[in-house]
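Given next are the chains, with one letter for each unit.
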Amino acid sequence: FIFKSLDRMIEDNLALKDDIKKKLTLLNEQALLKELNSTGYINDKEISDLLMQNGFIFSEKYFIAAYITIKFTEEFYNLFNQDQYMQIIDGIYSVFDMQFNDKRKSILIAQSNEDFVVLFNVGENEMDDVIGILNSASEIFETDRSLIKLCIGIGNMYEGYVGMHNSYLEAVRAQSVL
């Protein structure tokens, strides 16, 4: 009985640690989004510290931001209920996570169920690579065009964390006109 109780306590403790870690990551993502959406002074050091706290250590000096919105069609809403919608959102997030989440080269942030931000850390000549990665992600959804449309805005490549902010703002503007 004691060993079973200890095992259960250890499992509960590990689950609690995972839950806290997820919440802390979400809080840090929200803090990063707040910085990116800021219209005031952007502090390179604050963004750098925030990223390093989450294990993001970038080796390149340039950044490119992409803003992705998933638009569901009327046919989609006719076919699927709310629970199915949430399962599909989770599946889409998993696909994006596999495509984009590389702590050395990119960050994926879910801004909402249907809006995602990807921040790429790139070398000077890697813009075409980023466009290729985004195109391959888009192609995954190509067969479901009657149900799901992917709109991707891409910012220009800029140097430093202030440049990341500029690229993000451009990506948001570019996506908003799609």
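This is a predicted model, so every value here is computed, not measured.

What to know about the overall build of the protein
Check the secondary structure of the protein and you find 6 helices and 5 strands. Along the protein, helices (α) and strands (β) appear in the sequence α-α-β-α-α-β-β-α-β-β-α when read from the amino end. Residues counted as buried form 37% of the 178 residues belonging to the protein. With the model as given, the accessible surface of the protein reaches about 10,800 Å², and the carbon-plus-sulfur share is 54%.

A few points about the confidence of the model for the protein
Detailed reading of predicted coordinates is not advised where the pLDDT is low. The share of residues in the protein with pLDDT of 70 or more is 83%, and the mean pLDDT across the chain is 80. A low-confidence stretch, residues 14–24 (pLDDT under 50), is modelled with 0 contacts involving residues beyond four sequence positions or located in other chains.

Considering the pattern of salt bridges
In total, this model carries 3 salt bridges according to the counting rule given. A salt bridge links E126 to K105; the shortest N-O distance between them is 3.4 Å. Within this pair, whereas E126 is found in the loop between β3 (115–122) and α5 (127–140), its partner K105 is found in the loop between α4 (82–100) and β2 (106–110), the two being separated by 21 residues in sequence.

Comments concerning the nonpolar core
Counting 24 residues, the largest nonpolar core has I68, I70, F72, F96, F100 and F120 as its most contacted members. Secondary-structure elements contributing two or more residues to this core are β1 (62–72), α4, β3, α5 and β4 (148–154). A per-element tally of this core places β1 first, with 6 residues. What F96 contacts, discounting residues up to four positions off in sequence, is I68, I70, N101, L108, F116, F141 and L150.

Considering the environment of A66
Along the chain, A66 falls in strand β1. Placed 50 residues apart in sequence, A66 and F116 show a C-alpha to C-alpha distance of 8.2 Å. Setting aside residues up to four positions removed in sequence, A66 forms contacts with F116, V117, V118, F120, L134, I152, G153, I154 and A171.

What about the packing of aromatic side chains?
Inspection of the entire model under this criterion finds 14 aromatic pairs. Relative to Y161, the ring of F63 lies with its centre 5.3 Å away and its plane at 40°, an arrangement referred to as tilted. With F63 in strand β1 and Y161 in helix α6 (residues 160–176), this pair connects stretches of sequence that are 98 residues apart. Site record: aromatic cluster; members linked through ring pairs are Y93, F96, F100, F116, F120 and F141.

A look at helix α2 (residues 44–53)
By the burial criterion, the buried members of α2 are I47, S48, L50 and L51. Across the axial projection of α2, the buried residues extend over an arc of 165°, all falling on one side. Exposed residues on α2 whose side chains face more than 90 degrees from its buried face are K45 and Q53. A positive backbone phi angle near 85° is found at G55, which sits one or two residues after α2.

Conventions used here
- Residues numbered from 1 in each chain as written.
- Predicted model: local features only at pLDDT ≥ 70, side-chain atom pairs only at ≥ 80, totals over all residues.
- Heavy atoms only, no water.
- Helix = DSSP H or I, 4+ residues; strand = E, 2+ residues; numbered from the N terminus.
- Buried < 20%, exposed > 50% of the residue type's maximum accessible area, 1.4 Å probe, protein only.
- Areas by Shrake-Rupley, 256 points an atom, 1.4 Å probe, with all protein chains shown as cover.
- pLDDT = per-residue confidence, 0-100.
- Contact = heavy atoms within 4.5 Å.
- Salt bridge = Lys/Arg side-chain N within 4 Å of Asp/Glu carboxyl O.
- Core = buried A, V, L, I, M, F, W, Y, C linked by side-chain atoms within 4.5 Å.
- Phe/Tyr/Trp six-rings, centres within 6.5 Å; stacked < 30°, edge-to-face > 60°.
- Arc of directions from axis to C-beta.

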